[in-house]
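If you want the building blocks of each chain, they are given just below.
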Amino acid sequence: QYWSSSPSSSLGIKESLTHGNAHYWGVWWGKEAFSTYETKIPRFMSEFGFQSFPEFSSVKKYTDESDYDIYSEVMKSHQRSSIGNSTIEEYMLREYNIPDSFEHFLYVSQLLQAEGISVGMEAHRRNRDICMGSLYWQLNDCWPVASWSSIDYYGKWKALHYNIKKAFSPVIISHEFSDSTLHVIVVSDLKEGVECEVEI
């Protein structure tokens, strides 16, 4: 069947989590917790994402020391989202202590992004009886900027790119909490069985 648009449930039918493909932006634009990814699982997730800053060596190429603040004019102009810098900071306050320097803030923003998108990616893979596809937004950048990318403008991998490489491995060990119970799940996309030992 020809799919005329993304996201869509069918020709002329609005997207849903039960049919077709979906974009989910409750995390980021809606400021929902990363754990929301574990319950908002569509048939095919064709777009979801979270921002981070490029690493310090990349940021130094378009800033001076006087710009080393995420709210400086230069840093705000190198931002792809109207809510970007403040949203990264808001989520960071939920998950971490605020870093003690500009350089560390950039670094921890990447850990935050990697953690959040990995929660979604692993939830999609654990629930493959429901969801058979997952695409994060986005791979790379067309200019040096804070964005949803996993590879910055200069070709440097962010923490997200390393995490996604693991999350897309043919075999992963994943976990979730349900009603205060820890569930450990082994997911395999291999055709043959896999013998493994899990130590907790």
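Scroll up for the structure.
Presented here is a report on the structure given in the accompanying data block. In this text the structure is predicted, and so the values were computed from the model without any measurement.

Examining the pattern of salt bridges
Next up, step 1: Tallying each qualifying case throughout the model produces eight salt bridges.
Next up, step 2: Among the ionic pairs, Lys-76 bridges to Glu-73, the shortest N-O distance being 3.1 Å. In this pair, Lys-76 and Glu-73 are both assigned in helix α2 (residues 73-77), three residues apart and thus about one turn of the helix distant.
Next up, step 3: The shortest N-O distance in the salt bridge between Asp-189 and Arg-125 comes to 2.9 Å. With Asp-189 in the segment after β4 (181-188) and Arg-125 in helix α4 (residues 102-126), the pair connects residues that are 64 residues apart, well separated along the chain.
Next up, step 4: Salt bridges sharing common partners tie together Lys-31, Glu-90 and Arg-94.

Focus: the packing of α4 against helix α5 (residues 159-167)
Next up, step 1: Two numbers describe how α4 lies on α5: the axes approach to 8 Å, and their chain directions differ by 20°. As the angle between them shows, α4 and α5 are arranged roughly parallel. The two elements α4 and α5 cross, and the hand of that crossing is right-handed. Facing α4, whose interface residues are Gln-110, Leu-111, Gln-113, Ala-114, Glu-115, Ile-117, Ser-118, Met-121 and Arg-125, α5 presents Ala-159, Leu-160, Asn-163, Ile-164 and Ala-167.

Details of α5
Next up, step 1: Three or more residues of α5 are buried, namely Ala-159, Leu-160, His-161, Ile-164 and Ala-167.
Next up, step 2: Contacts made by the buried residues of α5 are with α4 and β3 (171-178).

Describing the nonpolar core
Next up, step 1: Phe-50, Phe-53 and Ile-117 are the most contacted members of the largest nonpolar core, which totals 33 residues.
Next up, step 2: Among the elements of the structure, α1 (56-59), α3 (84-95), α4 and α5 are those that each provide at least two residues to this core.
Next up, step 3: At eight residues, α4 tops the list of elements feeding residues into this core.
Next up, step 4: In this structure Phe-53 touches Ile-70, Met-75, Asn-85, Ile-88, Phe-105, Leu-106, Ser-109, Gln-110, Ala-146 and Lys-158, once residues within four positions along its chain are discounted.

Re α4
Next up, step 1: With 25 residues, α4 extends 36 Å from end C-alpha to end C-alpha; this agrees with the ideal 36 Å at 1.5 Å per step.
Next up, step 2: For α4, a buried count of 18 out of 25 residues is recorded, marking the element as mostly surrounded by other parts of the structure.

So, the side chain of Asp-152
Next up, step 1: You can see Asp-152 is positioned in the loop between α4 and α5.
Next up, step 2: Nearest to the buried, unbridged Asp-152 among oppositely charged side chains is Lys-156, at 5.9 Å.
Next up, step 3: At 2.8 Å, the side chain of Asp-152 and the backbone nitrogen of Tyr-154 are in polar contact.
Next up, step 4: Excluding its chain neighbours within four sequence positions, the residues that come into contact with Asp-152 are Pro-54, Glu-55, Ser-58, Asp-141 and Lys-158.

Considering unusual backbone geometry
Next up, step 1: Between Trp-137 and Gln-138 the backbone carries a cis peptide bond, its omega angle lying at 15°.
Next up, step 2: Structurally, Gln-138 can be placed in the loop between α4 and α5.
Next up, step 3: Within the chain, Lys-31 stands out as a residue other than glycine whose phi angle is a positive 60°.
Next up, step 4: For Lys-31, a relative accessible area of 28% translates into the label partly exposed.
Next up, step 5: Although it is not a glycine, Asp-179 sits at a positive phi angle of roughly 50°.
Next up, step 6: Tracing the sequence through the fold places Asp-179 in the loop between β3 and β4.
Next up, step 7: Overall, Asp-179 belongs to the exposed group, its relative accessible area being 75%.

Scoring rules and cut-offs
Residues numbered from 1 in each chain as written. Predicted model: local features only at pLDDT ≥ 70, side-chain atom pairs only at ≥ 80, totals over all residues. Heavy atoms only, no water. Salt bridge = Lys/Arg side-chain N within 4 Å of Asp/Glu carboxyl O. Helix = DSSP H or I, 4+ residues; strand = E, 2+ residues; numbered from the N terminus. Axes fitted to C-alpha atoms, helices over the stretch in contact; angles between N-to-C directions. Parallel < 35°, antiparallel > 145°, perpendicular 65-115°, else oblique. Left-handed = near helix turned anticlockwise from the far one by under 90°. Contact = heavy atoms within 4.5 Å. Buried < 20%, exposed > 50% of the residue type's maximum accessible area, 1.4 Å probe, protein only. Core = buried A, V, L, I, M, F, W, Y, C linked by side-chain atoms within 4.5 Å. Expected span 1.5 Å × (residues − 1). Lys, Arg positive; Asp, Glu negative; His and termini not counted. Polar contact = N/O pair within 3.5 Å; in protein donor to acceptor, adjacent residues only side chain to side chain.

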